[in-house]
Every structure is written in C-alpha cells, then in structure tokens.
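Coordinate analysis (summary)
Here's the letter readout for the chains.
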Amino acid sequence: MLEVLNFFSRNISHILKEELKDKPIQYLEEIRLRSNGTIALKFSQNSIVLYNKVTYQDILETLQIMCNNSIYSYQNEIKQGFITVKGGHRVGITGNCAIENGKVININYISSINFRIAKQIIGAGNKVLQYILRLRENTIYNTLIISPPGVRQNYSFKRPNKEHKHRNRRNTVWRFKCRFSRWTSVKLQLYIREFLKMI
C-alpha cells in the first residue's frame, strides 16, 4: 500500500510517510491535496486533516509524477477531470476549465488533486452471488446492480436528516424480472418496472 506514496511530490510523500506510520493504512481510501490548503486523508471509517501547507509547486510536481513527466500526453484524460495511474488508482483533478462549444477542452491551473486508492475487498459480493450465478446451468443471470452514492464496504450509510434517521441505505441487486429488495424506494421500483417493460 505504501507504494502509492511514490506518486506524490517528495515533500508530500515525506509528510504522508511520517503521518501514516501509526495509522491503519489498509483502510486508507483517498488522499486529497489542495493548493495553498491542507492534506486530507479519508479512511473507511473516518477522515483526518493534516495541517501541512500544500503549495502549487507540490501539486504540479505530483501531477508530473502521475503523468510520467509528460502532462501533454495525458491531456485527453485531464480534460475529463481525472487520470488513471498505474495500479488502477484514479486521480480526480480540479482547476480552471477552458470551455469551447460547451465542452471542456483543457484544465489550467490545477488547484487540487483527489487520489482514490484502488483495492479489492475480498468477500464483498458473497451475499449477492446466489442472485447473480445460475449454478445449475453454470451461467450468469442478466443482472442490473444499483448502488446509491456513498455506500462503502460495510454496505450501510445512515442518512443525517431526521426523516430517515432509522433507515439505512443498502447496496441492492436486482435480477431482471425478479423480486425487488425491500430496501428499495417505491419510486425507484416504479422506474425499474417501466424500464423492464421496454426491454
């Protein structure tokens, strides 16, 4: 896991190595850098803000490393707002956009980077395999997998508002033309039923 720190500038990499010595690095999900701001570390259960100032030079040097010292060759990815680096890690980029005919043609003055660490979660899909695999015929059902944003490996996220404070969001799996999960909202069920009629 520590190899992801090699994608950062020398200064940032040193700060992160020192900070992560006594932290559960296996639960680290994101590293966020903001120019003239701070470093934020997002773990699966909590977030930590490091009050070390990040300079624009740190952002630029980090981007150079992530682009193998050839930012120009990554222009097509950069204008989409992210690049994918070795290991499958995705790096979100924000800055000033140059827009032409309603489309982003470039991002200048990159002001922040969000490094999302790719990793496998062993056993995460065990509960739903019975709904996806047709074991007798050794095939896979036609499957639509829907997940609300913010759902992590613990598969539940409590909503902060009072109206839904006792309701959990769940990863929900639907197989075409089968029962819907009891956690699915009624409105979403209606949309999916309409979709199934069309196919």
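Residues numbered from 1 in each chain as written. Predicted model: local features only at pLDDT ≥ 70, side-chain atom pairs only at ≥ 80, totals over all residues. Heavy atoms only, no water.

As for the overall build of the protein chain
- Along the backbone of the protein chain there are 5 helices and 12 strands.
- By the burial criterion, 30% of the 199 residues in the protein chain qualify as buried.
- Partitioning the intrachain contacts of the protein chain with sequence separation of at least 6 by distance along the chain shows that 43% fall at a separation of at least 24.
- Surface accessibility of the protein chain: about 13900 Å² in total, with carbon and sulfur atoms responsible for 50%. (Helix = DSSP H or I, 4+ residues; strand = E, 2+ residues; numbered from the N terminus. Buried < 20%, exposed > 50% of the residue type's maximum accessible area, 1.4 Å probe, protein only. Contact = heavy atoms within 4.5 Å. Areas by Shrake-Rupley, 256 points an atom, 1.4 Å probe, with all protein chains shown as cover.)

A look at the environment of Arg 10
- With respect to the secondary-structure elements, Arg 10 resides in helix H1 (residues 10-19).
- Of the residues examined, Arg 10 reaches a relative accessible area of 72% and is grouped as exposed.
- Distance in space between the C-alpha atoms of Arg 10 and Thr 62 is 8.5 Å, their sequence separation being 52 residues.

Here we look at the sheet that holds strand E5 (residues 90-100)
- If you walk across this open sheet you meet the 6 strands as E3-E2-E1-E6-E5-E4, and the pairing is antiparallel. Edge positions in the open sheet fall to strand E3 (47-54) and strand E4 (82-84), since each of these has one partner strand only. With strand direction ignored, the average angle separating the axes of adjacent strands in the sheet is 30°.
- Pairing between strand E2 (residues 37-43) and E3: 5 bridges, direction antiparallel. Residue pairing for E3: Leu 41 is matched across the bridge by Ile 48. (Pairing = 2+ DSSP bridges. Axes fitted to C-alpha atoms, helices over the stretch in contact; angles between N-to-C directions.)

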